[in-house]
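A closer look at the structure
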Protein chains: 2
Amino acid sequence: MLTPGRLREAIQQRMLEALPRPEAAPRPELAEYARLLRDYPERGGKMLRGSLLCYTGLAYGAPLERLLPVAAALELFQNWALIHDDIEDASDERRGKPALHKLYGMPLALNAGDALHARMWSLLVEAEAPRGVLLEFARLVERTAEGQHLEMTWVERQRLDLTEADYLEMCGQKAAYYTAVAPLRLGALAALAEPPAAFEEAGMKLGLGFQIVDDVLNLAGEREKYGKEIAGDLWEGKRTLILLRFLRQAVPEERSRAEALLRLPRERKPAAEVDWLHRRILESGAVEHARRVAEGMLGEGLEALRPVLAELPEPQAAAGVLELLERLVRREA
Amino acid sequence: MLTPGRLREAIQQRMLEALPRPEAAPRPELAEYARLLRDYPERGGKMLRGSLLCYTGLAYGAPLERLLPVAAALELFQNWALIHDDIEDASDERRGKPALHKLYGMPLALNAGDALHARMWSLLVEAEAPRGVLLEFARLVERTAEGQHLEMTWVERQRLDLTEADYLEMCGQKAAYYTAVAPLRLGALAALAEPPAAFEEAGMKLGLGFQIVDDVLNLAGEREKYGKEIAGDLWEGKRTLILLRFLRQAVPEERSRAEALLRLPRERKPAAEVDWLHRRILESGAVEHARRVAEGMLGEGLEALRPVLAELPEPQAAAGVLELLERLVRREA
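Quick notes on the rules
Residues numbered from 1 in each chain as written. Chains lettered and ligands numbered in written order. Predicted model: local features only at pLDDT ≥ 70, side-chain atom pairs only at ≥ 80, totals over all residues. Heavy atoms only, no water. Helix = DSSP H or I, 4+ residues; strand = E, 2+ residues; numbered from the N terminus. Rg over C-alpha atoms; globule rule 2.2 N^0.38 Å. Contact = heavy atoms within 4.5 Å. Areas by Shrake-Rupley, 256 points an atom, 1.4 Å probe, with all protein chains shown as cover. Lys, Arg positive; Asp, Glu negative; His and termini not counted. Charge placed at Lys NZ, Arg CZ, Asp CG, Glu CD. Buried < 20%, exposed > 50% of the residue type's maximum accessible area, 1.4 Å probe, protein only. Least-squares fit on C-alpha atoms with pLDDT ≥ 70 in both. Salt bridge = Lys/Arg side-chain N within 4 Å of Asp/Glu carboxyl O. pLDDT = per-residue confidence, 0-100. Buried area = accessible area lost by both parts, 1.4 Å probe. Polar contact = N/O pair within 3.5 Å; in protein donor to acceptor, adjacent residues only side chain to side chain. Expected span 1.5 Å × (residues − 1). Axes fitted to C-alpha atoms, helices over the stretch in contact; angles between N-to-C directions. Parallel < 35°, antiparallel > 145°, perpendicular 65-115°, else oblique. Left-handed = near helix turned anticlockwise from the far one by under 90°. Nonpolar A, V, L, I, M, F, W, Y, C, P; charged D, E, K, R; others polar. Phe/Tyr/Trp six-rings, centres within 6.5 Å; stacked < 30°, edge-to-face > 60°. Core = buried A, V, L, I, M, F, W, Y, C linked by side-chain atoms within 4.5 Å.

Remarks on the overall build of chain A
- Looking only at helices and strands, one finds 16 helices and two strands in chain A.
- Scaling as 2.2 N^0.38, a compact globule of 333 residues should have a C-alpha radius of gyration of about 20 Å, and chain A matches this with 20 Å.
- Expressed along its principal axes, the backbone C-alpha trace of chain A runs to roughly 60 × 55 × 30 Å.
- The long-range share in chain A, meaning contacts at least 24 apart out of those at least 6 apart in sequence, stands at 73%.
- Counting every atom, chain A has about 12,700 Å² of accessible surface; 50% of that belongs to carbon and sulfur.
- If you average the places of the 45 positive and of the 53 negative side-chain charges in chain A, the two averages end up 2 Å apart.

A look at the side chain of His149(B)
- On the secondary structure map, His149(B) appears in helix α7 (residues 131-156).
- A relative accessible area of 1% means that His149(B) is categorised as buried.
- Once residues lying within four places of it in the same chain are set aside, the contact partners of His149(B) are Glu29(A), Glu32(A), Tyr33(A), Leu36(A), Leu108(A) and Asn111(A).

Describing the relation of the copies chain B and chain A
- The two copies are related by a screw motion: chain B maps onto chain A through a turn of 180 degrees and a shift of 0.0 Å along the axis, at an RMSD of 0.0 Å. Such values leave the two copies arranged in the relation of a two-fold axis.
- By residue overlap, the copies meet face to face through one surface: 100% of the interface positions of chain B are interface positions in chain A.

Things to note about the pattern of salt bridges
All names here are of chain B.
- Following the criterion strictly, the structure yields 68 salt bridges over all chains and no others.
- With a closest N to O distance of 3.0 Å, Glu 136 and Arg 185 form a salt bridge. A residue pair is termed long-range when its members are at least 10 positions apart, and Glu 136 in helix α7 and Arg 185 in helix α8 (residues 164-190) qualify at 49 residues.
- Using a relative accessible area of 3% as the deciding quantity, one classes Glu 136 as buried.

Things to note about the confidence of the model for chain A
- In this model, chain A carries a mean pLDDT of 94, and residues with pLDDT of at least 70 account for 98%.
- For this predicted complex, the interface confidence score (ipTM) comes to 0.94, while the overall pTM stands at 0.94.

Overview of the interface of chain B and chain A
- Taken together, the contacts link 45 residues of chain B with 45 residues of chain A.
- Of the roughly 4,400 Å² buried where chain B meets chain A, counting both sides, 60% is carbon and sulfur surface.
- For the chain B face of the interface with chain A, the top three residues by lost area are Arg27(B), Glu142(B) and His149(B), together amounting to 14%.
- Seen at the junction of chain B and chain A, the total is twelve salt bridges.
- Glu32(A) is the salt-bridge partner of Arg157(B), the closest N and O atoms lying 2.9 Å from each other.
- Applying the counting rule to chain B against chain A returns 25 residue pairs in polar contact (both at pLDDT 80 or more).
- In terms of residue count, α7(B) provides more of the side of chain B that touches chain A than any other element does, 15 residues in total.

As for helix α9 (residues 197-220) of chain A
- Compared with the 34 Å implied by 1.5 Å per residue over 24 residues, the 35 Å span of α9(A) between its first and last C-alpha is a close match.
- Summarising burial for α9(A): 19 of the 24 residues are buried, a large majority.

A closer look at the packing of helix α4 (residues 64-88) of chain A against helix α6 (residues 106-126) of chain B
- At their nearest, the axes of α4(A) and α6(B) sit 9 Å apart, and the two run at 160 degrees to each other. In this view, α4(A) runs roughly antiparallel relative to α6(B), as classed from their interaxial angle. Here α4(A) runs over α6(B); the crossing is right-handed. Contacts from Trp80(A), His84(A), Ile87(A) and Glu88(A) in α4(A) reach Met106(B), Pro107(B), Leu110(B), Asn111(B) and Asp114(B) in α6(B).
- Of the residues belonging to the contact of α4(A) with α6(B), the class tally is five nonpolar, two polar and two charged.

Quick look at the environment of Thr163(B)
- In this structure, Thr163(B) sits in the loop between α7 and α8.
- Sequence spacing of Thr163(B) and Arg292(B) is 129 residues, and the spatial spacing of their C-alpha atoms is 17 Å.

A short note on the packing of aromatic side chains
- In the structure shown here, the tally under the stated rule is nine aromatic pairs over all chains.
- On the numbers, 5.3 Å between centres and 90 degrees between planes, the contact of Phe77(A) with Trp80(A) is edge-to-face. Linking Phe77(A) with Trp80(A), this pair stays in helix α4, spanning three residues, or about one helical turn. The pair formed by Phe77(A) and Trp80(A) is uniform in burial state, with each residue classed as buried.
- Ring plane angle 90 degrees and centroid distance 6.4 Å describe the contact between Tyr60(B) and Phe199(B), whose orientation is recorded as edge-to-face.

Quick notes on the nonpolar core
- Grouped together as the largest cluster of nonpolar side chains are 256 residues, with contacts concentrated most on Phe137(A), Leu140(A), Leu277(A), Phe137(B), Leu140(B) and Leu277(B).
- Ignoring sequence-local partners within four residues, the contact set of Phe137(A) consists of Val70(A), Ala73(A), Leu74(A), Met120(A), Trp121(A), Leu124(A) and Leu186(A).

Examining unusual backbone geometry
- Positive phi, close to 70 degrees, is recorded for Ala231(A), a residue that is not glycine.
- Looking at where Ala231(A) falls in the secondary structure, it is placed in the loop between α10 (223-226) and α11 (232-236).
- By relative accessible area, which is 5% here, Ala231(A) ends up buried.
- Despite not being glycine, Leu192(B) has its phi angle at roughly 60 degrees, a positive value.
- In this structure, Leu192(B) sits in the loop between α8 and α9 (197-220).

Focus on the packing of helix α6 (residues 106-126) of chain A against helix α7 (residues 131-156) of chain A
All names here are of chain A.
- Put simply, α6 and α7 touch, their axes get as near as 11 Å, and they point 160 degrees apart. As far as their axial angle goes, α7 and α6 are roughly antiparallel. The handedness of the crossing between α6 and α7 is right-handed. Across from His 117, Met 120, Trp 121 and Leu 124 in α6, the residues of α7 making contact are Val 133, Leu 134, Phe 137, Ala 138 and Val 141.
- Here the contact of α6 with α7 is composed, by residue class, of eight nonpolar, one polar and no charged.

Looking at the environment of Arg292(A)
Residues and elements named next belong to chain A.
- Tracing the sequence through the fold places Arg 292 in helix α15 (residues 286-310).
- Taking the relative accessible area as the measure of exposure, Arg 292 reaches 52% and is therefore exposed.
- For the pair Arg 292 and Tyr 55, spaced 237 residues apart in sequence, the C-alpha separation works out to 27 Å.

Right, here's the structure in full:
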């Protein structure tokens, strides 16, 4: 079986093969177009979702050649969604470099995201992916868009009356589904198997755990490993589990001060106030709370998954699924 | 056979059936999400591309039930592309109402466009559209994105060294392909027939003619019929056939004055200067030139199409294709 490093390379290579090459462009403007499309995909990334998909499909006994285009398409999804996300959130950085719209302006970046979205589909159709795989891609894009809508309206409408359950619902749609549920299900579907219900339940917990770890790293991670601006979620006013916990437990004066800051748009937030909120959150124990919730979910997700994986025909690949997921618990980036 | 009016209604109904309903949403925020997705589709529109697709498929003998979902998906393409276009171009209006990002802000509108893009694909996959249809959709989205990239870089890089041939190349990608080539080809493909080469050649001329008429209406149309701001293309600095013709024939002082204006971003263009350029273009004969070019192309396209259509098994539907295309020549909106 492929090592995780080799698998990551194989997925990235398959993804890049599906994109236009600047040297083949008929006009200089279209060479630039090709560079825009390749920019985020060439920045690398962990290929975590694609790898999870491949190990799952291999565990079902599918050949890697049938899984690679589906995994590459899933990574293309991640790339176009990040381009559009960065525009929507006015993010400055991605994977340690300027966001695409910072390099080329919003209109060209938005359009490049649409082109990558279409490439995702053509990669799947050209590889003759089964109908179940195509339907799952439609589902994962729509779930992600719904979650993204929830998160963005909460910020725009200055909603602060949210519970941890609201956060978990939003995050389930926006991140957990495409991060863990969809890769597990797609691995089965690409192997022409019916995905078990446990993939959805366990995947949801694993995906939530993964996203909460991401929220933790955003506030308490190391800048160089994380690759995005630290405390970017506070600048953007994201309603994370950490923030909601902090607000619920803060004394009234601190809660009012934090809420006043969160009501300001990014460009009007005073840096000193963001630093204050960042420091107070780190001191409050809200980060540790989130870390515990994440570890609990990752643990429960793994427990629920183990018996299902144990029944699959290829135990070595099934072990690869678990190893990959276990690394999530300990990740720093 | 269905009248054009009934066909338009049937396509729109099929399109709206594929979209989420606000009253079925599990949370108020998601009811709003459904309203965003339905906003442009409910504004109506001519369903021109979907109708062309249906008449073509009917001419091949395909049943309408097999064509309607493909036509509805093509109209969904139009809708999500317009949402993103309006963001990219900072347009104020669409079909006589404020653009979606003016109503809900850019981030939510961008995300709604992505969701509609995904719905387009799920509609096709759920209807079990043949593989050729799916590949053609990927192709039409990618062609449109390339053309959009060309047009936007010309404005951003302040390119004024462009010829009519450059315009026709850009416009072929950005508009003509999805407006005429793709509907003709999709009609055949949905009927499980191989589209003849004439569809690509004739469709390109018809689509170019259609887009040039659109450029003409943008400068010389009636505001109420047109549904967008008149002279919006000048505000946006679009490099249209009309503008390029005007610049090439203008006396040096007028050319310099126009170029200085075109180098300014939209928000820094003085209204009086835009009015001046608008008036000078209308006086210069460049609009009539474009009208003649468009009529020539529409005529040539129809001529090339006629013998191919005459060989199809259903002459009444084939006549419907021609009637629809002939109305394009005389349209005012």
